[in-house]
Amino acid sequence: MTDPLVYTFFVDGDNFTSAGEASVKMKKNLRMLGIAPDAIRRVAIAMYEGEINMVIHAGGGTATVSVFHDRIDIVLEDNGPGIADVELAMREGFSTASDNIRNLGFGAGMGLPNMKKNTDSMSIDSTVGVGTRIAMTVNL
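Within each chain, residue numbers correspond to sequence positions counted from 1 in written order. pLDDT decides what is reported in this predicted model: residues at 70 or higher carry local features, side-chain atom pairs at 80 or more are listed and counted, and totals for whole chains, interfaces and linings draw on all residues regardless. Remark: hydrogens and water are excluded; side-chain values derive from all non-hydrogen atoms of the structure.

(A) Structural view of the packing of helix α1 (residues 21-32) against helix α2 (residues 37-58). Every axis in this analysis is a line fitted to C-alpha atoms, fitted for helices over the stretch in contact. Angles between the N-to-C directions lie between 0 and 180 degrees. Here a helix means four or more residues in a row that DSSP labels H or I, a strand means two or more in a row labelled E, and each is numbered from the N terminus. Relative orientation of the contacting elements α1 and α2 amounts to 165°, with a least axis distance of 8 Å. Between α1 and α2, the interaxial angle falls into the category roughly antiparallel. Read as a crossing pair, α1 and α2 show a hand that is right-handed. Contacts between α1 and α2 involve Glu21, Ala22, Ser23, Met26, Lys27, Leu30 and Arg31 from the former and Ile40, Val43, Ala44, Met47, Tyr48 and Glu51 from the latter. Note on terminology: angles under 35 degrees are roughly parallel, angles over 145 are roughly antiparallel, angles of 65 to 115 are roughly perpendicular, and the others are oblique. Handedness of each helix crossing follows the sense of rotation of the near helix against the far helix: counterclockwise by less than a right angle gives left-handed, clockwise gives right-handed. In what follows, a contact means two residues having at least one pair of non-hydrogen atoms within 4.5 Å.

Below you can see the structure in the form of structure tokens.
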């Protein structure tokens with residue numbers, strides 16, 4: 001098995017304007033690698049939603065993307081408050097975002113559901129008071 005190409009991005013939790021930079025950079029990287037457009041779109045959506053969630057809820061974090069010949073693995077990690085009820089958080093429309101965040105046009109409760117819809121597998125490991133790790137895979 002060939003070693004994957006690994007990209008790591010820091011997501012600034014204090015800057016809404018930079019949220020999405022990692023997904024844009026990854027999109028460009030995947031284009032240069034000749035990855036199929038549909039796979040690029042799915043990776044970009046999943047990453048963007050995760051980045052926004054890290055900014056809104058967790059004060060930032062990291063996104064690590066590993067590109068293999070047959071798949072793309074995305075791992076998002078933060079040291080935020082954690083998700084108290086993952087099953088509830090996966091429901092479309094459920095959000096713990098503040099009114100201030102909603103007034104900015106975010107926090108509609110579609111982040112996690114969109115991440116799941118655009119990946120072939122997704123797992124969430126979250127501990128209240130410790131943080132969250134989301135692992136996603138897009139098959140090629």
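That shown, we press on.
(B) Main features of the packing of aromatic side chains. Here a Phe, Tyr or Trp ring, Trp counted by its six-membered ring, pairs with any other such ring whose centre lies within 6.5 Å, and the pair is stacked when the planes are under 30 degrees apart, edge-to-face when over 60, and tilted otherwise. The full count for this structure, using the stated rule, is 0 aromatic pairs. Either the NZ atom of lysine or the CZ atom of arginine qualifies as a charge over a ring when it sits within 6 Å of the ring centre and within 35 degrees of the ring normal. Here the basic side chain of Arg71 rests over the ring of Phe68, its NZ or CZ set 3.7 Å away from the ring centre.

(C) Structural view of the environment of Leu112. With respect to the helices and strands, the residue Leu112 is situated in helix α5 (residues 111-117). Once you skip the residues sitting within four places of it in the chain, Leu112 turns out to touch Asn53, Ile83, Ala89, Met90, Met122, Ile124 and Ile134.

(D) Looking closely at the pairing of strand β5 (residues 131-139). Of the pairings in the sheet, the one linking strand β3 (residues 71-78) to β5 comprises 8 bridges and is antiparallel in character. Directly across from Asp78, in β5, lies its bridge partner Thr132. Strand pairing follows a simple DSSP-based rule, namely that at least 2 bridges must link the two strands. Counting the residues in the hairpin turn of strand β4 (residues 121-127) and β5 gives 3 residues, including Gly129, whose phi is positive at 85°.

(E) Representation of the nonpolar core in the model. Counting residues in each nonpolar core, the largest one holds 31 residues, and the members touching the most others are Met47 and Ile74. Where this core is concerned, the elements lending two or more residues are β1 (5-12), α1, α2, β2 (60-67), β3, α5 and β5. No other element matches the 9 residues that α2 contributes to this core. Those residues in contact with Met47 that sit more than four places away from it in its chain are Phe9, Ala22, Ser23, Met26, Ala63, Val65 and Ile74. Nonpolar core, defined: a set of buried Ala, Val, Leu, Ile, Met, Phe, Trp, Tyr and Cys residues in which side-chain atoms within 4.5 Å join the residues together. Exposure classes here rest on a 1.4 Å probe applied to the protein chains alone. A residue is buried below 20% of its type maximum, exposed above 50%, and partly exposed in between.

These figures come from the coordinates and say nothing about function on their own.
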